[in-house]
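Listed here are the chains, written in short residue letters.
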Amino acid sequence: MVKDPFRELDDEARAVMDGLLETATHAALAVVREDGTPSVTRVAFSVDKDRVPVILISDLSLHTKALRSGRACSLLIGEPGEKGDPLTHPRLTLHCVPRFVTREDAGYAGLRAWYLERRPKVKLHVDFADFNFVRFEVVDGLLNAGFGKAYRV
């Protein structure tokens, strides 16, 4: 029998996870296209005031169609540092269900204002008709807080 490599989530791991979520400006988004092919892209990233992952994307992007299908997707948050082995740097994988936020939704204005505060450069395109916010309902995740420090979230 193989020993479970995952540790119990503790305060130190939660602090690493919170730091990744709070400071990340981008993430890798993985989706499954209609034909079953996996696809990964880099997206601008933030969390909303409830700490729910959120992105702003265009309908012109190929991954938007996959997200609109409502199928599960994942986000990889965290980048390697400038020095050392990239696998020793913290990273968080979140398995999610995408939820589009339309301009007609009650929370749209608040989300827009919050996102603009955190990512002011998007003011150039946030109001384009083809741009939409997507909030990610997190199902579960995996935190790798460094070598030998793996946690289920």
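Residues numbered from 1 in each chain as written. Predicted model: local features only at pLDDT ≥ 70, side-chain atom pairs only at ≥ 80, totals over all residues. Heavy atoms only, no water.

**As for the packing of aromatic side chains**
For any two aromatic rings, the description comes down to two numbers: the centre-to-centre distance and the angle of the planes.
1) Next: By the definition in use, this model includes 3 aromatic pairs.
2) Next: Pairing F128 with F131 gives two aromatic rings, centres 6.2 Å apart and planes at 70°, and the pair type is edge-to-face.
3) Next: For F128, a relative accessible area of 45% translates into the label partly exposed.
4) Next: One aromatic cluster is present, built from ring pairs that chain together Y108, Y115 and F133. (Phe/Tyr/Trp six-rings, centres within 6.5 Å; stacked < 30°, edge-to-face > 60°. Buried < 20%, exposed > 50% of the residue type's maximum accessible area, 1.4 Å probe, protein only.)

**Concerning the nonpolar core**
1) Next: Within the largest apolar cluster, 26 residues are counted, with the highest numbers of intra-cluster contacts made by L29, F45, I55, L67, I77 and F136.
2) Next: Elements represented by at least two residues in this core include exactly helix 1 (11-23), strand 2 (26-32), strand 5 (53-58), helix 2 (62-68), strand 6 (73-77), strand 7 (91-101) and strand 8 (131-144).
3) Next: Looking at which element gives the most residues to this core, the answer is helix 1, with 4 residues.
4) Next: For F136, the residues in contact, after removing those within four places along its chain, are L29, V52, P53, V54, I55, L67, C73, L75, C96, V97 and P98.
5) Next: Among the nonpolar cores identified, the runner-up in size contains 11 residues, and L56, Y108, V122 and F133 belong to it. (Core = buried A, V, L, I, M, F, W, Y, C linked by side-chain atoms within 4.5 Å. Helix = DSSP H or I, 4+ residues; strand = E, 2+ residues; numbered from the N terminus. Contact = heavy atoms within 4.5 Å.)

**Focus on the pairing of strand 2**
1) Next: Of the two faces of strand 2, only one is covered, namely that formed by A27, L29 and V31; the face formed by H26, A28, A30 and V32 stays uncovered.
2) Next: Here strand 2 runs beside strand 3 (residues 38-44); their pairing, made up of 7 bridges, is antiparallel. Bridge pairing in strand 3 places H26 opposite A44.
3) Next: Taken together, the 3 bridges between strand 2 and strand 6 define a ladder with antiparallel strand orientation. Of the residues in strand 6, the one forming a bridge with A28 is L76. (Pairing = 2+ DSSP bridges.)

**A look at the pairing of strand 7**
1) Next: Alignment of strand 6 against strand 7, held across 5 bridges, turns out to be antiparallel. The partner of C73 across the bridge, within strand 7, is C96.
2) Next: Direction of pairing for strand 7 relative to strand 8: antiparallel, over a ladder of 11 bridges. The residue of strand 8 that forms the bridge with H95 is D140.

**Quick word on unusual backbone geometry**
1) Next: A positive phi angle, near 70°, is found at R51, a position not held by glycine.
2) Next: Along the chain, the position of R51 falls in the loop between strand 4 (46-47) and strand 5.
3) Next: Since its relative accessible area comes to 33%, R51 is described here as partly exposed.

**Brief notes about the side chain of S58**
1) Next: Position of S58 relative to the elements: it lies in strand 5.
2) Next: A relative accessible area of 7% means that S58 is categorised as buried.
3) Next: When neighbours within four sequence positions are excluded, S58 is seen to be in contact with T64, D130 and F131.

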